[in-house]
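Analysis of the macromolecular model
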Amino acid sequence: MKTTALALQHLLAMYAGAILVPLIVGGALGLTSEQLTYLVAIDILMCGVATILQVVRNRFFGIGLPVVLGCTFTAVGPMIAIGGQYGISAIYGSILVSGLFVILISRFFGKLVRFFPPVVTGTVVTIIGITLIPVAINNMGGGQGADDFGSAVNLALSFGTLLFIILLYRFTKGFMRSIAILIGILGGTLIATLFGRVDFSAVSESGFFHMVEPFYFGTPSFHWSAILTMILVAMVSLVESTGVYFALSEMTDKKLDEKDLASGYRAEGIAILFGGVFNAFPYTAFSQNVGLMHMTGVKSRRVILVMGGMLIGLGFIPKIAAFTTIIPTAVLGGAMIAMFGMVISQGIKMLSRVMSESHENSMIVACSVGMGLGVTVVPELFAKLPESVQILTSNGIVAGSLTAIVLNIVFHMLPKRKTKEVHLLHEKSA
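Residues numbered from 1 in each chain as written. Predicted model: local features only at pLDDT ≥ 70, side-chain atom pairs only at ≥ 80, totals over all residues. Heavy atoms only, no water.

**What to know about the pattern of salt bridges**
Note the threshold: Take a side-chain nitrogen of Lys or Arg and a carboxyl oxygen of Asp or Glu: if they are within 4 Å of each other, that pair is a salt bridge. Numbering of helices and strands runs from the N terminus, with a helix taken as a DSSP run of H or I at least four residues long and a strand as a DSSP run of E at least two residues long. Three labels apply to residues, based on accessible area from a 1.4 Å probe with only protein chains included: buried if under 20% of the type maximum, exposed if over 50%, partly exposed otherwise in between.
Scanning all chains against the criterion turns up two salt bridges. When the shortest N-O distance is used, the salt bridge between Arg-57 and Asp-260 registers 2.7 Å. You can see Arg-57 sitting in the loop between helix H2 (33–55) and strand S1 (69–71) and its partner Asp-260 sitting in helix H12 (residues 258–277), a full 203 residues away along the chain. With relative accessibility at 37%, the residue Arg-57 sits in the partly exposed group.

**Some details on the nonpolar core**
Just so we agree on the cut-off: Definition of nonpolar core: a set of buried residues of the types Ala, Val, Leu, Ile, Met, Phe, Trp, Tyr and Cys, connected through side-chain atoms within 4.5 Å. Note on contacts: a residue pair qualifies if any of its non-hydrogen atoms lie within 4.5 Å across the two residues.
With 134 residues, the main nonpolar core has Ile-24, Phe-73, Met-79, Ile-181, Phe-281 and Tyr-283 as its most contacted residues. Considering every element that reaches this core, the biggest residue donor is helix H11 (residues 224–252), with 15 residues. Dropping the residues within four chain positions of it, Tyr-283 is found in contact with Asp-43, Met-46, Cys-47, Ala-50, Leu-69, Gly-70, Cys-71, Glu-268, Ala-271, Ile-272 and Gly-275.

**A short note on the side chain of Thr-284**
On the secondary structure map, Thr-284 appears in strand S2 (residues 283–285). The residues touching Thr-284, leaving out its near neighbours within four places in the chain, are Val-68, Leu-69, Gly-70, Thr-72, Ser-237, Glu-240, Ser-241 and Glu-268.

**Regarding a nonpolar patch on the surface**
Convention followed: By definition, no residue in a patch forms a salt bridge, and every one has over 30% relative accessible area; like charges are joined within 9 Å, nonpolar side chains (Val, Leu, Ile, Met, Phe, Trp, Tyr) within 5 Å. The protein chains shown are the only cover counted for residues, whose accessible areas, like all others here, come from Shrake-Rupley with a 1.4 Å probe.
On the surface, Leu-373, Val-377, Val-378 and Leu-381 cluster together into a nonpolar patch covering about 350 Å² of accessible area. Note on placement: Val-377 falls in helix H17 (residues 359–377). Overall, Val-377 belongs to the exposed group, its relative accessible area being 60%.

**Looking at the environment of Leu-248**
Within the secondary structure, Leu-248 sits in helix H11. Leu-248 sits 51 residues away from Lys-299 along the chain, and the two C-alpha atoms are 8.5 Å apart. Not counting residues within four places of it along the chain, the set of residues in contact with Leu-248 comprises Leu-65, Pro-66, Val-67, Val-290 and Met-293.

**Examining the packing of aromatic side chains**
Where we set the bar: Ring pairs shown here join Phe, Tyr and Trp side chains whose ring centres sit within 6.5 Å, with only the six-membered ring taken for Trp; geometry is labelled stacked below 30 degrees between planes, edge-to-face above 60, and tilted in between.
The full count for this structure, using the stated rule, is eight aromatic pairs. Arranged with centres 3.8 Å apart and planes meeting at 15°, the rings of Tyr-38 and Tyr-216 form a pair that is stacked. Note that Tyr-38 is positioned in helix H2 and Tyr-216 in the loop between helix H10 (201–205) and H11, a separation of 178 residues in sequence. Overall, the relative accessible area of 4% leaves Tyr-38 in the buried class. Centroid distance Phe-109 to Tyr-265: 5.2 Å. Interplanar angle 80°. Geometry classified as edge-to-face.

And the structure:
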């Protein structure tokens, strides 16, 4: 009973993050309520599968730590951009390839991490957060193209939800604070129901059980720019997961070696691959559950296994998933400001540690964020370049990320090589 209660606590802590991604992406792509219900249900199920892949350790995959995997917010902006440009089939084509890519490089990623120091990952996370804010603002008004966009009721619901979340953060502690966004969404939906702004038809029309279906949204399609974007997202997610791995290894007194890390990366690659096949999402380690383990002091893999089983069970019940699809767009918008703002603050937090270290880091951040935001706001800047070049320039997140990677090599890696060459020349002349 105690294990079940602890598992339910972990489920609640990650639930808002798990359901928001399909709701945001599905809403942006104009999915029907039936499709959106399936998307939420399959995502909940795949979060459970992905978590179990990590917790159950064997020779090929699984890091064997109490890791909770959920869909990464890093992928939200890129998926909306890919879906808008090439259609939903391209999203799943790019997820499939990125999953295979992660599996293939899992053995060597420990050596590739040096290309993704905090100045790069912090910049990428910041750019992604900034590019998501317009989505949140549109939803606060009631959704782009809505007849009542910016109405007093929509603004009251969105700002009321945001204020409720802020008050929960201010006046609660521990577990209540960790689920503040989930409570805020529930509170906002309840108020919207009193205003008659909630349509329960999606719940009444959905069934109590369904089977998962591979390629539910059709045959995947493959486009180089979409694939490159999702591979970059996967690499950033792996770097984030690496931090979670080491935090948990410290908490559980289990030392990690290269084989352990490779098994963890491989499990994430398999989870991403499954996400592509079953039309879910890319997955990464959730840090909010690490915070919950800190608070409770319980670091049992068994608890996380039970939670994974609960998620799988919920994923087969579309009626529960349908309840999440009735959340009014304005309420979601209010919660999204807090969620996406946290993404930006996480990026800034990562950058604050390295900005003061050198002027070079400041230049990397300045150019990369400027390029990422600039291309997002004015995407037609590179429209007259050859298509092969536009692969790297058509998406602000890709443009900003590549700028950060290249500048990091220029400022922090090339000079070291030159120094070694000069040192060798001095040794030869001596």
